[in-house]
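# A look at the structure
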Amino acid sequence: MSLKIAVQMDPIERINIRGDSTFALLLEAQRRGHAVSYYTPDRMALTDGRLFAAVQTLMVRDQVGDHFALGEAQRTELAEFDVVLLRQDPPFDLAYVTTTHLLERIAPHTLVVNDPTQVRNAPEKLFVMDFPDLMPPTLITRDLTEIKAFRVLHGDIVMKPLYGKGGEAVFRLAPQDLNFGSLYDLFAVTFREQWVVQKFLPAVREGDKRIILVDGEFGGAVNRVPAADDLRSNMVRGGAPKATDLTARERDICARIGPALRERGLLFVGIDVIDGFLTEINVTSPTGIRAIKALGGPDVAAMIWDRIEAKRA
Ligand SMILES: Nc1ncnc2c1ncn2[C@@H]1O[C@H](COP(=O)(O)OP(=O)(O)O)[C@@H](O)[C@H]1O
Ligand SMILES: [Mg+2]
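Since this is a predicted model, take the numbers as computed values, not measurements.

## Some words on the overall build of the protein chain
Along its length, the protein chain carries nine helices and 17 strands. At 20 Å, the protein chain has a C-alpha radius of gyration in line with the 20 Å of a compact globule built from 313 residues. Every one of the 313 residues in the protein chain was classed for burial, and the buried ones make up 51%. Restricting to contacts in the protein chain with at least 6 residues of sequence separation, those with at least 24 account for 66%. For the protein chain, the computed accessible surface area is about 14300 Å², with 50% contributed by carbon and sulfur atoms. Within the protein chain, the 42 negative side-chain charges are centred at a point lying 1 Å from the centre of the 38 positive side-chain charges.

See the structure below:
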């Protein structure tokens, strides 16, 4: 089976191919003989009810410094593709949201992965609040009284932006931390949105586990252990990827949320678990599949294409 595939992503010349999940998907698509095209979100256009993009054919190579070749740009109706991969990186801002509105025009005639409507409805740190019993105690607010009360109840807390990514502005506040007032003020002027207040999980020292779910089923996992001088486990912040298995509790978490993901057309999802507590459900552009394979784990890219091909068969 050969599918016509378009990938909507950030400029391909800038990606780090060693860690980029999209790149792993593209290599596997090419290996399977699918025809792969590429465009960036800023080359999309909606007019007369039809969605176009300046699309270029794409060849990929797993070689740092020489990882792609592009054809000439051609204005193409996106409904002509069998599959569009929605893969630009956050920030999850109005530019991102707008592209989900645009892609809604071609779905489900074209299979958009992940489903654009559901991506819009599932910001990673809000969607997860559907599963409070799997999470650490968590509060979404910008109300000072609420945060003070939460702090009294839980003592050691973390404050982080609701639409942060890659560990941006994640702070731990110990019970007596005198910086709380100033940090509150700083958040209040910096962010227009509510933010996340969460019980601090000391076992983050052992790592923050990224678990990939493919169409609601366990795909693979990688543990990320923070650097000795940092709270944040994100690999872009120096977190070290380690091979890992799932605990019984983590299997339960997958079993609980899997059906909700499948129902929503969220085919490629990365969840984050610290000490058995679910903290994020990442549906925009999850990372981890290259690290999982590099550490001897399963080929998640192959699983994803198996599912996509089954849906298009
Ligand atoms: N409640 C928490 N307890 C301990 N560490 C946390 C907590 N929340 C976040 N962290 C640390 O900060 C990192 C980034 O936070 P996360 O919520 O995953 O946001 P991001 O979207 O920026 O990755 C986590 O990988 C973890 O190392
Ligand atoms: Mg995270």
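So that's the structure; there's more coming.
## A closer look at the site of ligand 1
Lining the immediate environment of ligand 1, one finds 22 residues, of which Lys160, Gly167, Asp208, Ser233 and Glu280 sit closest. In the model, an oxygen atom of ligand 1 is placed 2.5 Å from a nitrogen or oxygen of the glutamate 280 side chain. Considered on its own, ligand 1 offers 540 Å² of accessible surface; in the complex 98% of this is hidden by protein. Of the residues belonging to the shell around ligand 1, the class tally is seven nonpolar, six polar and nine charged.

## Considerations on unusual backbone geometry
The peptide bond linking proline 90 to proline 91 adopts the cis configuration, its omega dihedral lying at 25°. Notably, aspartate 48 is not glycine yet its phi reads approximately 50°, a positive angle. In this structure aspartate 48 comes out as exposed when scored by relative accessible area, which is 77%. A positive phi angle is found at alanine 169, which is not glycine, with a value near 55°. For alanine 169, the location among the structural elements is in the loop between strand S10 (157-161) and strand S11 (171-173). For alanine 169, a relative accessible area of 28% gives the class partly exposed.

About the cut-offs
Residues numbered from 1 in each chain as written. Chains lettered and ligands numbered in written order. Predicted model: local features only at pLDDT ≥ 70, side-chain atom pairs only at ≥ 80, totals over all residues. Heavy atoms only, no water. Helix = DSSP H or I, 4+ residues; strand = E, 2+ residues; numbered from the N terminus. Rg over C-alpha atoms; globule rule 2.2 N^0.38 Å. Buried < 20%, exposed > 50% of the residue type's maximum accessible area, 1.4 Å probe, protein only. Contact = heavy atoms within 4.5 Å. Areas by Shrake-Rupley, 256 points an atom, 1.4 Å probe, with all protein chains shown as cover. Lys, Arg positive; Asp, Glu negative; His and termini not counted. Charge placed at Lys NZ, Arg CZ, Asp CG, Glu CD. Near = heavy atom within 4 Å. Polar contact = N/O pair within 3.5 Å; in protein donor to acceptor, adjacent residues only side chain to side chain. Nonpolar A, V, L, I, M, F, W, Y, C, P; charged D, E, K, R; others polar.

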